[in-house]
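# Examination of the molecular architecture
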Amino acid sequence: MPVASFYTLPPTLLTAHEQRRGMCRVIAKVWQVMGEADILCPDTEAGQTLDDLLWTFQAGAFVPHVRGAGEPVRIHENGAWPLQGKALVLCGLDELPAPLPSCERLIDFIPVAEQLRGFARERYRQLKNAGFTMQVHPLEA
């Protein structure tokens, strides 16, 4: 049974940059535990921003990644999603991908802004109805 883990972004991470840095910490942990990850971004700008930040989010951290294919951590943009993956990380998507790629683990984030939290609640409901085992974790600042 696949697992969906939602990470609550703390209100202390006020800027979008700080929130993305928190996401990068989770992505690094997913890569360490699962050995690979597919990151789904809504558009090219979000993909490029995450690509840049994965190089600099933490001193001494290294996450082998690429936009597209060829590394254990792959950034996908604009709906060009893989059909399946070991671990999927949703970064900035308002809705679940359709069709949802099959995976062992799905990682999502609950943002601070109330309107965006509503989108996260809907994704949570949809994943639960799809048979995912649900988890919620606080993300430390």
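All residue numbers refer to positions counted from 1 along the written sequence of the respective chain. Where local features are concerned, this predicted model is filtered to residues with pLDDT of at least 70; where side-chain atom pairs are given and counted, the filter is 80 or more; whole-chain, interface and lining totals use all residues. The basis for every side-chain value is the complete set of non-hydrogen atoms in the structure, without hydrogens or water.

As a further point, take the sheet that holds strand β5 (residues 84-90). Taken together, the seven strands give an open sheet; going across it, the order is β3-β4-β2-β5-β6-β1-β7, and neighbouring strands pair in parallel fashion. Each having just a single partner strand, β3 (65-67) and β7 (133-138) make up the two edges of the open sheet. Pairwise comparison of adjacent strand axes, ignoring direction, gives a mean angle of 20° for this sheet. DSSP calls a pair of strands paired once it identifies at least 2 bridges connecting them. Comment: elements are numbered from the N terminus, with helices defined as DSSP H or I runs of at least four residues and strands as E runs of at least two. Relative to β7, strand β1 (residues 3-8) is paired through six bridges, and the arrangement is parallel. Each bridged residue has a counterpart across the sheet, and for T8 the counterpart in β7 is P138. For helices, the fitted line uses only the C-alpha atoms of the stretch in contact; every axis is such a line through C-alpha atoms, and the angle between N-to-C directions lies from 0 to 180 degrees.

One fewer than the residue count of a helix, multiplied by 1.5 Å, yields its expected span. Compared with the 22 Å implied by 1.5 Å per residue over 16 residues, the 23 Å span of helix α3 (residues 114-129) between its first and last C-alpha is a close match. Residue exposure (1.4 Å probe, protein chains only): buried if accessible area is under 20% of the type maximum, exposed if over 50%, otherwise partly exposed. What α3 keeps buried is the set A120, R123 and L127. All buried residues of α3 project into a common sector of 60° when viewed along the axis, lining one side. In α3, the exposed positions that point more than 90 degrees away from the buried face belong to E114, Q115, K128 and N129. When checking whether two residues touch, look at their non-hydrogen atoms; a contact exists if any pair is within 4.5 Å. On its buried side, α3 packs onto β1, β5, β6 (102-110) and β7. At the C-terminal side of α3, G131 shows a positive phi close to 100°. Read the arc as the range of directions from the helix axis to the C-beta atoms.

A cavity here means a set of points on a 1 Å grid, drawn over the protein atoms and nothing else, where a 1.4 Å probe fits but cannot get out; a pocket is an open set with protein on both sides within 12 Å along at least five of seven lines, and a residue lines either one if it has an atom within 4 Å of a point. Grid points are joined across faces, edges and corners, and a volume is the space filled by probe spheres set on the points. Reported here for the largest pocket is a volume of approximately 490 Å³. Lining the largest pocket are 24 residues, and of these M23, C91, G92, L93 and L116 sit closest to its centre. Mapped by element, the contributors of at least two residues to the lining of the largest pocket are α1 (16-34), α2 (44-56), β6 and α3. Counted by class, the lining of the largest pocket contains 15 nonpolar, three polar and six charged residues. The residue classification treats Ala, Val, Leu, Ile, Met, Phe, Trp, Tyr, Cys and Pro as nonpolar and Asp, Glu, Lys and Arg as charged. All others, Gly included, are polar.

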